[in-house]
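Chain by chain, the residues run as shown.
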Amino acid sequence: DQQVKQNSPSLSVQEGRISILNCDYTNSMFDYFLWYKKYPAEGPTFLISISSIKDKNEDGRFTVFLNKSAKHLSLHIVPSQPGDSAVYFCAASELNGGSQGNLIFGKGTKLSVKP
Amino acid sequence: SAVISQKPSRDICQRGTSLTIQCQVDSQVTMMFWYRQQPGQSLTLIATANQGSEATYESGFVIDKFPISRPNLTFSTLTVSNLSPEDSSIYLCSVRDNYNQPQHFGDGTRLSIL
């Protein structure tokens, strides 16, 4: 059973508009969440993270929102640029549990930003 | 963040053979991990590579199939043994210094089995 779900395999957005990538999780013990970006033939690159004590974290064009009651997080990219076209992975971990903070990944969402 | 070099970047192997993947980091890191990404799937943790001792394997992964070495704080190898078509995947090395820090990944090894 998937503990981290990205239900949209793909998303297409016009350049300059907002991209919203969604992620749902089932384990209420998760307390640290991350987003990674992956280009073809490269490894995932860390983008932004959020701790469960916050509901928002912002870094430039990227903002992550966390809704603990809904077990949902989202990544907003504003404005979207063609260079943002990549696969985005959501990941979660239980820092204060027995899993040593190991990451559980979603299957990814492929974002295409059209000029 | 640390620079992670993985070799080979890709390989095509015969059934029944083994492939060893190397991961070199340009600085000492506390934790090193090996992941697998099967086609269309998420990244799955195979094991945590422990320096000077046996790796810690996740459920579904065993040492006989995926032997791992970590002789020091900058280097680790993953061997995928007795290869079968189901082993066709991308294998990724990852490092982290502290539990509350993000993991960083190498570029992966794309393995195909004939």
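Residues numbered from 1 in each chain as written. Chains lettered and ligands numbered in written order. Predicted model: local features only at pLDDT ≥ 70, side-chain atom pairs only at ≥ 80, totals over all residues. Heavy atoms only, no water.

Visitor: What's the story with the overall build of chain A in this structure? I'm lost.
Guide: When helices and strands are tallied, chain A shows zero helices and 11 strands. If you list the helices and strands of chain A from N to C, you get β-β-β-β-β-β-β-β-β-β-β. Scaling as 2.2 N^0.38, a compact globule of 115 residues should have a C-alpha radius of gyration of about 13 Å, and chain A matches this with 14 Å. Taken along the three principal axes of its C-alpha coordinates, chain A extends 45 × 30 × 20 Å. Out of the 115 residues in chain A, the part that is buried amounts to 45%. Expressed as a percentage of contacts within chain A between residues at least 6 apart in sequence, the contacts between residues at least 24 apart total 54%. For chain A, the accessible area works out to roughly 5,500 Å², and carbon and sulfur atoms hold 49% of it. Here chain A holds 12 positive side-chain charges and 10 negative ones, and the gap between their average locations is 5 Å. (Helix = DSSP H or I, 4+ residues; strand = E, 2+ residues; numbered from the N terminus. Rg over C-alpha atoms; globule rule 2.2 N^0.38 Å. Buried < 20%, exposed > 50% of the residue type's maximum accessible area, 1.4 Å probe, protein only. Contact = heavy atoms within 4.5 Å. Areas by Shrake-Rupley, 256 points an atom, 1.4 Å probe, with all protein chains shown as cover. Lys, Arg positive; Asp, Glu negative; His and termini not counted. Charge placed at Lys NZ, Arg CZ, Asp CG, Glu CD.)

Visitor: Got a minute to help me understand the interface of chain A and chain B in this structure?
Guide: Often, the extent of an interface is quoted as the loss of accessible area upon association of its parts. Taken together, the contact pairs 18 residues of chain A with 21 residues of chain B. Both faces considered, chain A and chain B share a buried interface measuring about 1,600 Å² in area, 55% of it formed by carbon and sulfur atoms. Here chain A is connected to chain B by zero salt bridges. Remark: the boundary between chain A and chain B carries two residue pairs in polar contact (both at pLDDT 80 or more). For the side of chain A that touches chain B, the leading source of residues is strand β4 (residues 32–38) of chain A, giving four residues. Tallied by class, the residues present in the side of chain A that touches chain B amount to 10 nonpolar, five polar and three charged. (Buried area = accessible area lost by both parts, 1.4 Å probe. Salt bridge = Lys/Arg side-chain N within 4 Å of Asp/Glu carboxyl O. Polar contact = N/O pair within 3.5 Å; in protein donor to acceptor, adjacent residues only side chain to side chain. Nonpolar A, V, L, I, M, F, W, Y, C, P; charged D, E, K, R; others polar.)

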